[in-house]
Amino acid sequence: MNATDRTPADLLRSALAADPGRPLVTFYDDATGERVELSVATFANWVAKTANLLQGDLGAEPGDRLALLLPAHWQSAVWLLACASVGVVAEVGGDPAGADLVVSGPDTLEEAAACSGERVALALRPLGGRFPQPPAGFADYAVEVPGQGDRFAPFVPVDADGPGLVVGGEELSYAQLVDRAREDAAKRGLTTGSRLLSGLGYDTWEGLSAGLFAALAADGSVVLCRNPEHLSPEALTARTETERVTHTAL
């Protein structure tokens with residue numbers, strides 16, 4: 001972690017420079033049995049491609065508002081960092097009718113259709129699979145993102161003090177987000193190499209911090225569990241041991 005990092009994108013760049021091969025996000029969906037592990041380099045590649053899609057094909061600009069209608073998922077984490085890379089304000093669970101763009105999972109397409117701007121849909125299928133039938137009025141993320149560039153440079157430098165994230169009715173600048181993530185990491189005792197298992201949703205700051213930002217700020221990694229209610233206590237213990245978890249947030 002670099003003390004001069006002031007945006008989530010800065011944190012990711014520092015992580016990439018320090019150790020690109022280490023795990024960053026390990027994702028489980030305990031309703032489907034899916035497991036995906038992304039190293040810092042792989043995660044950063046997804047972020048770069050998504051940021052290029054956002055800035056290029058979708059025409060998003062710094063200060064634009066993006067309603068993010070996604071659960072706790074590794075692709076949601078990618079979108080949060082892509083927004084921060086471009087300077088787009090990610091409104092988690094935001095009102096699509098008042099947003100410039102919307103990114104939706106398969107369960108919120110009807111709600112997301114209220115957005116008059118660009119609409120992107122994610123099937124949230126294993127391995128980032130596409131929809132069997134593309135939803136009308138939406139770009140299928142899994143179709144659009146693979147062809148995007150592997151390197152990203154914003155057209156305009158991102159203002160760390162500008163609005164960056166809205167969650168639970170609270171708006172944070174990118175700098176405030178990073179400061180809060182560092183504070184949370186310190187409170188949890190996270191250090192370089194820590195592995196934080198989180199079963200919290202992404203609809204609160206606590207969930208976003210435990211499921212992404214605190215670990216990123218501490219040079220640690222996250223084991224993100226969706227639908228953890230399907231996991232027995234014995235299976236949770238086994239996962240904690242297998243994944244070398246050092247901290248939990250459930």
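Residues numbered from 1 in each chain as written. Predicted model: local features only at pLDDT ≥ 70, side-chain atom pairs only at ≥ 80, totals over all residues. Heavy atoms only, no water.

Participant: Could you clarify how one ought to interpret the overall build of the chain in this entry?
Facilitator: Check the secondary structure of the chain and you find eight helices and 12 strands. Relative to the globule expectation of 18 Å for 250 residues, the C-alpha radius of gyration of the chain, 17 Å, shows essentially globular dimensions. Oriented by its inertia axes, the alpha-carbon framework of the chain measures out at about 45 × 40 × 35 Å. Across the 250 residues in the chain, those meeting the buried criterion constitute 55%. Taking contacts inside the chain between residues at least 6 apart in sequence as the whole, the part at least 24 apart equals 68%. As presented, the chain carries roughly 10600 Å² of accessible surface, and 50% of it is formed by carbon and sulfur atoms. Averaging the positions of the 18 positive and the 34 negative side-chain charges in the chain gives two centres separated by 6 Å. (Helix = DSSP H or I, 4+ residues; strand = E, 2+ residues; numbered from the N terminus. Rg over C-alpha atoms; globule rule 2.2 N^0.38 Å. Buried < 20%, exposed > 50% of the residue type's maximum accessible area, 1.4 Å probe, protein only. Contact = heavy atoms within 4.5 Å. Areas by Shrake-Rupley, 256 points an atom, 1.4 Å probe, with all protein chains shown as cover. Lys, Arg positive; Asp, Glu negative; His and termini not counted. Charge placed at Lys NZ, Arg CZ, Asp CG, Glu CD.)

Participant: I keep staring at the packing of aromatic side chains and nothing clicks. Help me out?
Facilitator: By convention here, two paired aromatic rings are described through the distance between centres and the angle between planes. Scanning the entire structure with this criterion turns up four aromatic pairs. Note on Trp205 and Phe213: the rings are 6.0 Å apart at their centroids and 10° apart in plane angle, and the pair reads as stacked. For Phe213, a relative accessible area of 2% gives the class buried. Here a set of aromatic residues connected by ring pairs shows up, and it is made of Trp46, Trp74, Trp79 and Tyr141. (Phe/Tyr/Trp six-rings, centres within 6.5 Å; stacked < 30°, edge-to-face > 60°.)

Participant: Teacher, can you tell me more about the pattern of salt bridges here?
Facilitator: Any two side chains of opposite charge can pair if their charged atoms end up close together. Going through the model one piece at a time under the given rule, you end up with 11 salt bridges. Ionic pairing is found between Arg65 and Glu91, a salt bridge with its closest N-O pair at 3.1 Å. In this pair, Arg65 is assigned in strand S3 (residues 65-69) and Glu91 in strand S4 (residues 89-92), connecting sequence segments 26 residues apart. Residue Arg65 is classed as partly exposed on the basis of its relative accessible area, which comes to 22%. Residues joined by salt bridges that share partners form a network here, namely Arg35, Glu37, Arg195 and Glu243. (Salt bridge = Lys/Arg side-chain N within 4 Å of Asp/Glu carboxyl O.)

Participant: Any chance you could explain the side chain of Ser104 here in plain terms?
Facilitator: Take Ser104: it is sitting in strand S5 (residues 101-104). In this structure, Ser104 is in contact with Leu69, Leu70, Leu109, Ala112, Val120, Ala121, Leu122 and Phe138, ignoring residues within four places of it in sequence.

Participant: So what exactly am I meant to see when it comes to the packing of helix H1 (residues 8-18) against helix H7 (residues 205-217) here?
Facilitator: Helix-helix packing: each pair is described by the crossing angle between the helix axes and the interaxial distance. For the pair H1 and H7, the least separation of the axes is 9 Å and the interaxial angle reads 60°. In terms of axis orientation, H1 runs oblique to H7. Judged by the twist between their axes, the crossing of H1 over H7 is left-handed. Seen from H1, the contacting residues are Pro8, Leu11, Leu12 and Ala15; seen from H7, they are Phe213, Leu216 and Ala217. When its residues are assigned to classes, the contact of H1 with H7 shows seven nonpolar, no polar and no charged. (Axes fitted to C-alpha atoms, helices over the stretch in contact; angles between N-to-C directions. Parallel < 35°, antiparallel > 145°, perpendicular 65-115°, else oblique. Left-handed = near helix turned anticlockwise from the far one by under 90°. Nonpolar A, V, L, I, M, F, W, Y, C, P; charged D, E, K, R; others polar.)

Participant: Can you walk me through the sheet that holds strand S8 (residues 163-167) in this structure?
Facilitator: Working definition: the strands of a sheet are paired by backbone hydrogen bonds and lie parallel or antiparallel to each other. Spatial ordering of the open sheet is given by S7-S6-S5-S3-S4-S8-S9, a layout of seven strands whose pairing is mixed. Because the sheet does not close on itself, it has two edges, and the strands there are strand S7 (139-140) and strand S9 (170-173). In this sheet, S7 lies alongside strand S6 (residues 118-121) in parallel orientation, the contact comprising two bridges. Within S7, the position partnered with Ala121 by the bridge is Asp140. (Pairing = 2+ DSSP bridges.)

That's the geometry; what it means functionally is another story.
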